[in-house]
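If you want the building blocks of each chain, they are given just below.
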Amino acid sequence: MAAAEREACEEAAEEAEEQRAGPGSAPAPAPVGLTELPGELLELILCCGSLDASDLGRLSCTCRHLREACQPRGKVWREQLRRRWPSLMKYYNQADSVNWLEQYKERHKAGLKAQTVVASFSKRFFSEHVPCDGFTDIETLDCPSHFFEDELMSILNTGGRKGLTWKYYAKKILYFLRQQNILKKLKTYLEYSADEQSFLEGAVLVDQYCNPLSDISLKSIQAQIDDIAAQVCTFLKSKSPRHPTVDRKAGMALIISQVELQRQVLDAMNCVLYEQLKYRGNEVDYYNCQNSYIHQVLIRRTGIPISLSVLYLTIAKQLGVQLEAVNFPSHFLLRWCQGKEGSTNIFDYTYIDAFGKGRQLTVKECEYLIGHHVTEEFYGVATAKEVLQRMVGNLLNIGKRESTDQSYPLLRDSLDLYLAMYPDNVQHLMLQARLYFHLGIWPEKVLDILQHIQALDPSQQGAVGYLVQHTLEHIERRKDEAGPEVKLHSDEKHKDVVFSIGLVMKHKRYGYNCVIYGWDPACMMGHEWIRNMNVHSLPHGPHQPFYNVLVEDGSCRYAAQENLELNPEPHEIPHPDIGRYFEEFADTYYVANPELAIRYPEDMALTRLAGQKTEESCE
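In the nomenclature of an unreviewed UniProt entry, the protein chain is known as F-box protein 21 of Pseudonaja textilis.

See below:
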């Protein structure tokens, strides 16, 4: 009975299918399985983006056809890598035979390594004034550095107001890694012969070292200069259609020998650079470090004599005019030969002031420019290394000139660059040792520097001995530290402390916005600071709570309680160290990271309560 019923059902189903299909229609094709598809179509499906790496791994284990489709060097794994980490593709050439599966595994492993390192840094370096120096586990990575850096960039590019501490340390590590790489390139550059050293490449290396997180490359800078050179050619063609520069091909070496034809090129350059593109010397903000960075000179179209001279000289060379750098005192210049090539007579040259809109000067006019007579040696040609030294020296002077928290990174970077060129310069080694000692960072490195100074110049024994003694004391104190000091609001001695860490405040007197990251029940600064800051003029003087605050202008200050009030419209504080202390901005207040919370265990509850009240008042 059951068999008869089953047979009747099958017949009814066949009749129903025939009726749907209509008379004379072909039977429906049998479904095609994934493994029966042609290889190209299968690859296309597997590359569509709906499958992740684990899916591909499982598919590869099902049969030979799918395993071949997911071969390590094939399109499927290449697309998987590209979709997951698109920024990595710039490291590969289309023609290269690459094991994409292995590259994927390596990148995944590097990502886990980077996350582990970043996660450990807050606990390891929180107590250091300037973290991330001398960490050996970053200097000796067991994975490709560009994979490690890519993960750090992924952390930095994570949106939202969370993960601030991770972003802070990821940025520090990336800064360090890129600077180490640039230093290697600089040392290679310095090994070139003088004729092989490009002024532009040297300027770009300085720029990259001081701005390692910016997207600066010699290729992109050269492309912008090529564009300016092309504009000069267009202008020159309108004035002199038969000029040899007009027919030059990009990248092709060109040398113009006739002085008059050279003059036409320089006149065209002056018109394009200074009249059309509005490049100028920055007389208003001369000591801004941005004037020394070639990528900023191109963006802002302003600079100082040396940076504008490098730009001017590079463009002129591309257009067939050979100019030479002149390390003139107080005002960098270029020189243009009017006599016999290679002449040693300073009067055979015209001197060009790129800072002064390409003005052409005689020897006497050069002296009028700086206001005093100089000997002939100062009119001589400067090598690329000497130009580099002067550029770094300018940045070093800016760093020493300001002597603020914001200027210390510039001072450190310029010292690193200078000592890469002149590693045995005692004066700058001593400055580096004093800077590290002053900042309280990397005491072991300070001892190494001092030992090197002593070997180079025994006459420095007094200064070296003083720093060695105090550095050793610092190391011993660090060993003896019992752990972080814990401050409780509930303690009787803290009864006058009104505010808590994480609150966004406003200074009553100066109007700046800030966030609290620490406090003391009374002023803990020395008598000299109290006198200099005129604290005794306050109604409560130094005998009131004082707060460590991060200010929106990038500074760190120590403010009296009577001068602070809750900000009625709290907002994020754009301070570079915000992630060192806080892991999240929660709309009206900052959430302390575990390291800061250990030191102020009762503060966050008070901060949340104050934040809620602020939200209610805003509603």
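**Student:** What am I meant to see in the pairing of strand E4 (residues 333-337) here?
**Tutor:** Along a regular strand, successive side chains alternate from one face of the sheet to the other. Across the five residues of E4, five count as buried, placing the element largely inside the fold. Bridging between strand E3 (residues 324-326) and E4 involves three bridges; their strand directions are antiparallel. Bridge assignment links Ala325 to a residue of E4, and that residue is Leu334. Where E3 hands over to E4, the hairpin turn is made up of six residues, of which Ser330 adopts a positive phi near 70°. Direction of pairing for E4 relative to strand E5 (residues 349-353): antiparallel, over a ladder of four bridges.

**Student:** Looking at this structure, I do not really get the pairing of E5. What am I missing?
**Tutor:** The element E5 is extensively covered by neighbouring structure, given that five of its five residues are classed as buried. Residues Tyr349, Tyr351 and Asp353 line one face of E5 and the alternating positions Thr350 and Ile352 line the opposite face, and both faces are buried. Linking E5 to strand E6 (residues 359-361), which pair antiparallel, is a turn of five residues; within it Lys357 sits at a positive phi near 60°.

**Student:** Please clarify how the sheet that holds strand E9 (residues 546-551) should be interpreted in this entry.
**Tutor:** Strands pair in a sheet through their backbones, by hydrogen bonds, and they do so in one of two ways: parallel or antiparallel. One open sheet holds the five strands; their spatial order is E10-E9-E8-E7-E11, and the pairing between them is antiparallel. A strand with exactly one partner marks an edge of an open sheet, and here the two such strands are strand E10 (556-560) and strand E11 (564-566). Between one strand and the next, the sheet's axes are offset by a mean angle of 50°, whatever the strand orientation. Bridge count for E9 against E10 is five bridges, and the pairing is antiparallel. In the sheet register, Leu550 faces E10, and the bridge partner there is Cys556.

**Student:** Sorry if this is basic, but what is going on with the environment of Gly111 here?
**Tutor:** Looking at where Gly111 falls in the secondary structure, it is placed in helix H6 (residues 100-125). According to the relative accessible area criterion, Gly111 is buried, its value standing at 3%. Between the C-alpha atoms of Gly111 and Glu149, which are 38 residues apart in sequence, the distance is 8.8 Å.

**Student:** Can you walk me through the packing of helix H3 (residues 53-60) against helix H5 (residues 75-84) in this structure?
**Tutor:** Between two packed helices, the angle of one axis relative to the other and the distance separating the axes together describe the packing. Remark: H3 packs on H5, axes separated minimally by 11 Å, with the N-to-C direction vectors making an angle of 165°. Here H3 lies roughly antiparallel to H5, going by the angle between them. Crossing geometry of H3 relative to H5 is assigned as left-handed. Each of Ala53, Leu56 and Gly57 in H3 lies in contact with H5, whose residues at this interface are Val76, Trp77 and Gln80. Within the contact of H3 with H5, the residues separate by chemical class into four nonpolar, two polar and no charged.

**Student:** Help me out: how do you make sense of the packing of helix H18 (residues 426-439) against helix H19 (residues 443-456) in this one?
**Tutor:** Packing of H18 against H19 leaves a shortest axis separation of 9 Å and a crossing angle of 155°. In terms of their interaxial angle, H18 and H19 are classed as roughly antiparallel. Of the two possible hands of crossing, H18 and H19 adopt the one that is left-handed. Side by side, H18 and H19 meet where Val426, Leu429, Met430, Gln432, Ala433, Tyr436 and Phe437 of the first sit next to Lys445, Val446, Ile449, Leu450, His452, Ile453 and Leu456 of the second. Class assignment of the residues belonging to the contact of H18 with H19 gives a composition of eleven nonpolar, two polar and one charged.

**Student:** Looking at this structure, I do not really get the packing of aromatic side chains. What am I missing?
**Tutor:** Where two aromatic rings form a pair, the distance of their centres and the angle of their planes describe that pair. Inspection of every chain in the model, using the stated rule, returns 19 aromatic pairs. With a centroid separation of 4.8 Å and 85° between ring planes, the pair formed by Tyr168 and Tyr169 is classed as edge-to-face. Each of the two residues, Tyr168 as well as Tyr169, counts as buried. Seen from their ring centres, Tyr351 and Tyr379 are 5.4 Å apart, and the 65° between their planes marks the pair as edge-to-face. With Tyr351 in strand E5 and Tyr379 in the loop between helix H15 (363-370) and helix H16 (384-402), this residue pair connects regions lying 28 residues apart in the sequence. The same class applies to Tyr351 as to Tyr379, namely buried. Pairwise contacts between aromatic rings join Trp77, Trp85 and Tyr104 into one cluster. Positioned above the aromatic ring of Tyr349 is the side chain of Arg335, whose terminal nitrogen or guanidinium carbon lies 3.9 Å from the ring centre. Above the face of the Tyr287 ring, Arg401 is positioned so that its terminal group lies 3.8 Å from the ring centre.

**Student:** Hey, could you run me through the layout of surface pockets in this one?
**Tutor:** What the second largest pocket holds in volume is close to 1,200 Å³. Along the wall of the second largest pocket there are 41 residues; nearest its centre are Leu313, Lys317, Gln322, Leu323 and Glu324. Among the elements of the structure, helix H10 (199-210), helix H11 (218-239), helix H12 (259-276), helix H14 (305-318), E3 and E4 are those that each provide at least two residues to the lining of the second largest pocket. With four residues, the top contributor of residues to the lining of the second largest pocket is H14. Split by residue class, the lining of the second largest pocket holds 20 nonpolar, 13 polar and eight charged.

**Student:** Help me out: how do you make sense of the nonpolar core in this one?
**Tutor:** As a rule of thumb, nonpolar side chains are buried together in soluble globular proteins. Core analysis: the biggest nonpolar cluster contains 50 residues, and Leu266, Met269, Leu273, Tyr279, Tyr312, Ile315 and Leu323 have the highest contact counts within it. Looking at this core, the elements with two or more residues in it are H10, H11, H12, helix H13 (294-300), H14, E4 and H16. Per element, the largest residue contribution to this core is nine residues, and it comes from H12. Beyond its immediate sequence surroundings of up to four residues, Met269 is in contact with Val232, Tyr274, Tyr312, Ile315, Ala316 and Leu319. Core analysis: the second largest hydrophobic core is formed by 38 residues, Ala69, Phe121, Phe176 and Leu177 among them.

What counts, and at which threshold
Residues numbered from 1 in each chain as written. Predicted model: local features only at pLDDT ≥ 70, side-chain atom pairs only at ≥ 80, totals over all residues. Heavy atoms only, no water. Buried < 20%, exposed > 50% of the residue type's maximum accessible area, 1.4 Å probe, protein only. Helix = DSSP H or I, 4+ residues; strand = E, 2+ residues; numbered from the N terminus. Pairing = 2+ DSSP bridges. Axes fitted to C-alpha atoms, helices over the stretch in contact; angles between N-to-C directions. Parallel < 35°, antiparallel > 145°, perpendicular 65-115°, else oblique. Left-handed = near helix turned anticlockwise from the far one by under 90°. Contact = heavy atoms within 4.5 Å. Nonpolar A, V, L, I, M, F, W, Y, C, P; charged D, E, K, R; others polar. Phe/Tyr/Trp six-rings, centres within 6.5 Å; stacked < 30°, edge-to-face > 60°. Lys NZ or Arg CZ within 6 Å of the ring centre and 35° of its normal. 1 Å grid on protein atoms, 1.4 Å probe; cavity = no way out; pocket = protein on both sides within 12 Å on 5 of 7 lines; lining within 4 Å. Points joined across faces, edges and corners; volume = space filled by probe spheres on them. Core = buried A, V, L, I, M, F, W, Y, C linked by side-chain atoms within 4.5 Å.

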